[in-house]
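Listed below are the residues making up each chain.
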Amino acid sequence: MPRKAGVGFGYLSSVALIFNNITGPSLVDLSTLFQSAGWFPTIITILMTWMSCLLASFMLFEVITSLPSQERKEYSFCLRHFMGSHPKWFMLAHIALYLYLQSAIIVMIIQSTQIFDSLITRTFTGSCALDLIPPSLVCVKASTAQTLTPFGSKTLLSPGFVISAVLSIPMAFLRLRQNREIQTVAFILLLVLVMFWVIIFPFHDPDFTRVPFIGKTQSVMIGSILFSYSSLIALPSWFAEKASFVDVGPVIKHGLTWSSIVYALIGIFGAWAYKFADNQNLLQTINKQQQGPVLLKLTIYLFPLIVNVPSIPIFAIVSRYNLLESNLCSSSWCTFVDSNSDT
């Protein structure tokens, strides 16, 4: 049955969904890439990825609209259509799809948990968590919050983890289109956050020599950027739940273009403003500064609320849709598995 014009993702919420999923937690890694790889290779990689994703997205929608079936066409539907005669290859492709979606969720959960734990530790001059391997109670003091990883690399059930779960799991039980208002609000807040960073960074001792034309290493540059753009794998789910009046072309072009511009802006301005140590992202570097505006420090703790918490349920929902479409689990079981993958 055709969807009514007013139901589903409109233009703004559609652009917001694409923009939010592309930017994601890797946004704070771009400045490090600009310093280590150089501005020219990084900009070229972003441009090539933008162009490749634009073409791939249009080809994907060409496939979706040309398939004769009237069923809902998830990404797994396309896999089954072209690989259905080779069950092993179809299953391997589906496993790869599922693992990517879960890995994206895990990255966002880890980043959010660490930042929330740092906030709790700083606010209450300490915090405790349950170490799972081996089971024991681990407590830290406020001084550990300076690293944004107060509990280090231990496998823990921490207060920050509980906060991440409480905030994200309820949204994972919804349908994708029921998250459209949340995506729109997150999109607007993220644009405000980006504009604030771009305005404030030039006042923090900018040094243009920190960003070379070509840096010393490009080993992680391509992988980091490609991982972010690969979230476009959720496009078929959006296409199935967009409003009928929304055109695919402008949404894809604008979502991809704005996210690419934000990548370049944050990457360059952040790299000019700060000297990054090894394995340190923008949030960790801002957190280490002894002086600076309080509002700038506050953006560290706003970042997971604006970027990660709204996106974690999206990947869980898309994962559930694809499992259901492939008949790999029942509706209730798929909902349980993917809403709990948030934790």
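These remarks concern the structure in this document.

Definitions and limits used
- Residues numbered from 1 in each chain as written.
- Predicted model: local features only at pLDDT ≥ 70, side-chain atom pairs only at ≥ 80, totals over all residues.
- Heavy atoms only, no water.
- Helix = DSSP H or I, 4+ residues; strand = E, 2+ residues; numbered from the N terminus.
- Polar contact = N/O pair within 3.5 Å; in protein donor to acceptor, adjacent residues only side chain to side chain.
- Contact = heavy atoms within 4.5 Å.
- Pairing = 2+ DSSP bridges.
- Axes fitted to C-alpha atoms, helices over the stretch in contact; angles between N-to-C directions.
- Expected span 1.5 Å × (residues − 1).
- Buried < 20%, exposed > 50% of the residue type's maximum accessible area, 1.4 Å probe, protein only.
- Disulfide = S-S within 2.5 Å.

A few words on the side chain of Asn-322. In this structure, Asn-322 sits in helix H12 (residues 294-325). A polar contact is formed between the side chain of Asn-322 and the backbone nitrogen of Tyr-75, at a distance of 3.4 Å. In this structure Asn-322 touches Glu-74, Tyr-75, Ser-76, His-94, Leu-97 and Ser-237, once residues within four positions along its chain are discounted.

The next thing to look at is the sheet that holds strand E2 (residues 135-141). In space, the three strands of this open sheet follow the order E2-E1-E3, with antiparallel pairing throughout. If you trace the sheet from one side to the other, it starts and ends with E2 and strand E3 (156-157), each paired once. Pairing geometry for strand E1 (residues 126-132) and E3, over two bridges, is antiparallel. When the bridges of E3 are listed, Asp-131 appears paired with Leu-156. Across the sheet, helix H5 (residues 87-123) is in contact with E1 and E2; its angle to E1 comes to roughly 135°.

The next thing to look at is helix H7 (residues 180-200). Compared with the 30 Å implied by 1.5 Å per residue over 21 residues, the 30 Å span of H7 between its first and last C-alpha is a close match. Residues of H7 that are buried include every one of Gln-183, Thr-184, Ala-186, Phe-187, Leu-190, Leu-193, Val-194, Trp-197, Val-198 and Ile-200, and no others. Against the buried residues of H7 lie helix H1 (11-23), helix H10 (248-273), helix H11 (282-288) and H12.

Moving on, we come to the state of the cysteines. Following the criterion strictly, the structure yields one disulfide and no others. One disulfide bridge connects Cys-128 with Cys-139, the sulfur atoms lying 2.0 Å from each other. The sign of the S-S torsion, about 105°, decides the handedness of the disulfide formed by Cys-128 and Cys-139: right-handed. Taken as a pair, Cys-128 in strand E1 and Cys-139 in strand E2 lie far apart in primary sequence, 11 residues in all.

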